Amino acid sequence: MASCVYVETAVRHHPRTLRLLERLHKLPLIEIDHYGEVFNPRSQNFRLQKKNPAVIIAHKNKGQVLAAPEGYGLGGDYNYYFSHMLNCIYDCRYCFLQGMYQSAHQVLFVNYEDFADRIRQIAADHAGQPVWFYSGYDCDSLANEPLTRFTNFFIPLIAGIDNAWMELRTKSTQIRGMLKMEPLARVVTAFSFSDAFSHGKLEHGVPTIAKRIGAMRRLIEAGWSVGLRFDPVVYHRDYQAAFVDLLDQLFTQVDGQKLHSVSLGSFRLTRDHFRRVSRLYPEEPLFAQSMHLNNGIISYPLDREREMIQFCEAQLMKHISEQSYQPCEWHD
Amino acid sequence: MLIWVCALHCEAKPVIDFYRLKKSQDRHAFDVYRGDDMVCVVSGIGKIASAAACAWIAASYPGETSFAWINLGTAGGAEHQIGDLLQLNQVVDADSGQCYYPAPVAVSPLSGSACLTLSRPSEDYRSDTLFDMEASGFMHSALRFSSAELVQGLKVVSDNRKQQTGKDRQRISELIQRHIDSIHRQAEALQELDRELAALEPAADSWQQVLLLAHFSQTQKSRLRILWRYLCNRDFSTDSLLRQLATLNSARAILETLEQISFRDSEGL
């Protein structure tokens, strides 16, 4: 349960805020001028806050949609990302969000219409070309669906823009809203998975693998495009057997040939993120493993990384089509 | 360690009595009462006094790895009943406009309130906020030493539009004393968080022992601390590690050995 709700005075009476507050009415409410007052101060402990993060209801003033970092995307020429939330309800130790912000509070932006205007404008700037909009960069796209009703707004928006594509990246099973809609081929729901051992050790609060496979299957049956993300693959003594088990579990229930896209990458963080998160969790084995610094990125030593990717790729290719495979390329 | 910061002795008295804190007999800039992993400092009135007391008491415990803080005192509130206990969820300094947000880690059983810190006493009551004379100074200073989750303000309403307790010290102590069980529960929750953070740091004695094994450069010392902290948190026996390291003859060999142990351990996640 969240510890309290902060709400920006400017959006206190916004219809989305009122609906959110109806659901959060049992929590103490604190009015603030700007979410940064609570979210940005340095003297906060992410680890302690993560126990019961507060909800911050806010207005995103600028930068609603941004160009995606190089290497992020599914091969399209025009890639953008947007975040209707900051931070995630899950607590995955390997996630770059662990070291991204000072605060673990969840920021929910309510001015969806401003995001929509920007998406329309960007799509118009690239008229006739497919433009990808990624929504799961600073948050899990679907995890907070009951609160945010994100898909209710953004899927019809994308449906109305001929050259717009959207990726929803998630570890959640909150697909009820999507199942009530007409499927749209230009919306891809990408489910992230780690093997069962890594899931148990590192993905705190994340629905079980079986539940997520169930959600994936229901979306496919309803006609939605679905993708798979094995990113990051984390090293442990039995990662090979565990990865094979995961694929067996997945592909006995999902037809690998019908997937829109599958991506794979090993664990990596920028040096700054790695430092921050390893300071927060000094007891975490993931950060005590043998690592290698290359061009500001901390990752496994090259031979280990190569071995992991080659093994996982070979296993994946037994189940999926080559066209759907997108390796995560981040080396120079 | 939990630090109580109170402006007046009469505000501190219920805490001193409840925890049986003993007055420090040393000559100090502020009156200090000590107990088991707990200290209470009496700052005097005003935000500057409160900030100074926080800085002074933190500096007087250089070996402490983590502090939790509670500013306990009285406040005015237009609509509140005399004797209400409130937890501060926003503190605004009236002079600078600076806002501070204590960050509760759980839903508090206490009602919350904003608090406006003034430089002078005032009877200009506002309906949406408490006012006091210390909270912003306390927050400003305590947040230098601890994160916002470990800093709390608890205020008992001593004045409202209809009634003022004024300088009746016994009455102030009584108003706070009534809530001592709730105050104690807040303190316990805060201490638990504080202990959780403190436990992540290796025991000072084992850290000093490992440092004595060789001459470490600053870079080596940083790496050593990360490795030592990891292994201590993974419940390796520090005695047995120290015995193993004592046979090695250089800082580099010690670091390599600790790295190998960490790598092996971490491969099991």
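Thresholds, definitions, all that
- Residues numbered from 1 in each chain as written.
- Chains lettered and ligands numbered in written order.
- Predicted model: local features only at pLDDT ≥ 70, side-chain atom pairs only at ≥ 80, totals over all residues.
- Helix = DSSP H or I, 4+ residues; strand = E, 2+ residues; numbered from the N terminus.
- Buried ≥ 20, exposed ≤ 12 C-beta atoms within 10 Å, placed from the backbone.
- Contact = placed C-beta atoms within 7 Å.
- Pairing = 2+ DSSP bridges.
- Domains from an automatic or database assignment.
- Axes fitted to C-alpha atoms, helices over the stretch in contact; angles between N-to-C directions.

Asker: How should I be thinking about the overall build of chain A in this particular structure?
Answerer: Counting its secondary structure elements, chain A contains twelve helices and 18 strands. Considered along the principal axes of its C-alpha atoms, chain A spans approximately 55 × 45 × 35 Å. When the 332 residues of chain A are sorted by exposure, 46% land in the buried category. Within chain A, residue pairs in contact and separated by at least 24 positions form 81% of the contacts whose partners lie at least 6 positions apart.

Asker: So what exactly am I meant to see when it comes to the pairing of strand S5 (residues 68-77) of chain B here?
Answerer: Walk down a regular strand and you will see the side chains alternate between the two sheet faces. Residues and elements named next belong to chain B. Within S5, ten of the ten residues are buried, which leaves the element mostly enclosed by the surrounding structure. The alternating pattern of S5 places Ala68, Ile70, Leu72, Thr74 and Gly76 and Trp69, Asn71, Gly73, Ala75 and Gly77 on opposite faces, both of which are buried. Judged from the four bridges that link them, strand S1 (residues 2-6) and S5 form a sheet pairing that is parallel. Considered in S5, the bridge of leucine 2 is made with alanine 68. Sheet topology note: the S5/strand S10 (residues 151-159) ladder contains eight bridges and is parallel. In the sheet register, glycine 73 faces S10, and the bridge partner there is lysine 155.

Asker: I'm lost on the sheet that holds strand S6 (residues 85-86) of chain A in this one. Help?
Answerer: Neighbouring strands of a sheet are bound in pairs by backbone hydrogen bonds; such pairs are parallel or else antiparallel. Residues and elements named next belong to chain A. On the basis of which strands lie adjacent, the open sheet formed by five strands has the order S2-S1-S3-S8-S6 and mixed pairing. With one partner strand each, in any of the chains shown, strand S2 (29-32) and S6 form the two edges of the open sheet. Summarising the sheet, strand S1 (residues 5-8) and strand S3 (residues 55-58) pair through three bridges and their orientation is parallel. Looking at S3, one finds that tyrosine 6 is bridged to isoleucine 56.

Asker: I tried to follow the interface of chain A and chain B on my own but got confused; where do I start?
Answerer: Interface size is often expressed as the accessible area that is lost when the parts come together. Across the contact, 28 residues belong to chain A and 27 residues belong to chain B. Those elements giving two or more residues to the side of chain A that touches chain B turn out to be helix H2 (36-39), helix H3 (46-49) and helix H8 (196-202) of chain A. Counting residues per element, the side of chain A that touches chain B draws most heavily on H8(A), at three residues.

Asker: Just to check I follow, could you spell out the environment of Pro156(A) for this structure?
Answerer: Positionally, Pro156(A) belongs in helix H6 (residues 150-159). For Pro156(A) and Met181(A), which are 25 residues apart along the polypeptide, the C-alpha to C-alpha distance reads 9.1 Å.

Asker: Hey, could you run me through the domain arrangement of chain B in this one?
Answerer: Domain parsing of chain B yields domain 1 (2-199) and domain 2 (204-266). The distance between the C-alpha centroids of domain 1 of chain B and domain 2 of chain B comes to 41 Å.

Asker: Sorry, what's going on with the sheet that holds strand S16 (residues 292-294) of chain A here?
Answerer: All names here are of chain A. Judged by pairing direction, the sheet is antiparallel, and its three strands sit side by side in the order S15-S17-S16 without closing on themselves. For this open sheet the edge positions go to strand S15 (268-270) and S16, each flanked by a neighbour on one side alone. In this sheet, adjacent strand axes meet at a mean angle of 30° when their direction is disregarded. Alignment of S16 against strand S17 (residues 297-299), held across three bridges, turns out to be antiparallel.

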